[in-house]
Amino acid sequence: MRPPRSRSFPVAAEEQAVPKARRLVLSVVRAWDLQLPDETLEELALLSSEVIANAVRHTTGPCAVTVLSTGSRLRIEVTDTAPALPAPRGDALYAESGRGLMLVASLAADWGSTVTGTGKAVWFEIAVPHLPQAPARPAC
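Read on for an overview of the structure. On a predicted model such as this, the values are computed, not experimentally measured, just so you know.

**Examining the sheet that holds strand β1 (residues 5–11)**
Sheet architecture is open: five strands sit in the order β1-β2-β3-β5-β4, paired in antiparallel fashion. Edge positions in the sheet fall to β1 and β4 (110–116), since each of these pairs with one other strand and no more. Direction aside, the axes of adjacent strands within the sheet are offset by 15° on average. Bridging between strand β3 (residues 73–80) and strand β5 (residues 119–127) involves eight bridges; their strand directions are antiparallel.

What follows is the structure, given as structure tokens:
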């Protein structure tokens, strides 16, 4: 089992900050050598972009992203200064916006949101594959 790890960083409240924040999330995960399949990394990038972009769009202050690895799950949490909790909108299939949380709900192992003392936190989790342990060496 991997030990828990955590890394947090601020994100400016501007649309241009979203791609940089997404790349930083992926950089953190790759540095931890979690050995995620390419498809999982692509989903992580997509879901991170969605929750970070929502925070940037719906608040006027800076946001913060926390990447947390518990061993069996990878959690991305985005905090912002807006207290209103998000809700999937159920827009039409071909709408230009409003489907981000539907993507999060369908691709993440779990997701949610909670009010904080300064706004809210929106998070999602993805499963981290279990790596087989090396066989123990026999004692000499």
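**Concerning the environment of S49**
Note that S49 resides in helix α2 (residues 38–57). The class for S49 is buried, based on a relative accessible area of 15%. Along the backbone, S49 and K20 are 29 residues apart, and their C-alpha atoms lie at a distance of 9.7 Å. Dropping the residues within four chain positions of it, S49 is found in contact with V18 and R22. A polar atom in the side chain of S49 sits 3.1 Å from the side chain of R22.

**A few points about the packing of helix α1 (residues 17–31) against α2**
Look at α1 against α2: their axes get within 9 Å of each other, and the N-to-C directions meet at 140°. In terms of axis orientation, α1 runs oblique to α2. Here α1 runs over α2; the crossing is right-handed. Note on element contacts: α2 touches α1 through L41, L44, A45, S48, S49, I52, A53 and V56, opposite V18, A21, R22, V25, L26, V29 and R30. Per-class residue counts for the contact of α1 with α2 are 11 nonpolar, two polar and two charged.

**Describing the packing of aromatic side chains**
Applying the stated criterion across every chain yields a total of zero aromatic pairs. The cationic tip of R75 hangs over the ring face of W123; the distance from NZ or CZ to the ring centre is 4.0 Å.

**Let's talk about the pattern of salt bridges**
Applying the stated criterion across every chain yields a total of five salt bridges. Close ionic contact of R75 with E77 constitutes a salt bridge, the shortest N to O distance being 3.4 Å. We note a salt bridge from R75 to E125, for which the minimum N-O separation is 3.1 Å. With R75 in strand β3 and E125 in strand β5, the pair connects residues that are 50 residues apart, well separated along the chain. Here the salt bridges do not stand alone but share partners, grouping R73, R75, E77 and E125 into one network.

**Brief notes about the nonpolar core**
Among the nonpolar cores identified, the biggest contains 33 residues, and V11, L44, I52, V65, V67, L74 and F124 are the most heavily contacted of them. Counting residues per element, the ones that place at least two in this core are β1, α1, α2, β2 (63–69), β3 and β5. Residue contributions to this core peak at nine residues, all from α2. Those residues in contact with I52 that lie beyond four places of it in its chain are V11, V18, A21, R22, V25, V65 and V78.

What counts, and at which threshold
- Residues numbered from 1 in each chain as written.
- Predicted model: local features only at pLDDT ≥ 70, side-chain atom pairs only at ≥ 80, totals over all residues.
- Heavy atoms only, no water.
- Pairing = 2+ DSSP bridges.
- Helix = DSSP H or I, 4+ residues; strand = E, 2+ residues; numbered from the N terminus.
- Axes fitted to C-alpha atoms, helices over the stretch in contact; angles between N-to-C directions.
- Buried < 20%, exposed > 50% of the residue type's maximum accessible area, 1.4 Å probe, protein only.
- Contact = heavy atoms within 4.5 Å.
- Polar contact = N/O pair within 3.5 Å; in protein donor to acceptor, adjacent residues only side chain to side chain.
- Parallel < 35°, antiparallel > 145°, perpendicular 65-115°, else oblique.
- Left-handed = near helix turned anticlockwise from the far one by under 90°.
- Nonpolar A, V, L, I, M, F, W, Y, C, P; charged D, E, K, R; others polar.
- Phe/Tyr/Trp six-rings, centres within 6.5 Å; stacked < 30°, edge-to-face > 60°.
- Lys NZ or Arg CZ within 6 Å of the ring centre and 35° of its normal.
- Salt bridge = Lys/Arg side-chain N within 4 Å of Asp/Glu carboxyl O.
- Core = buried A, V, L, I, M, F, W, Y, C linked by side-chain atoms within 4.5 Å.

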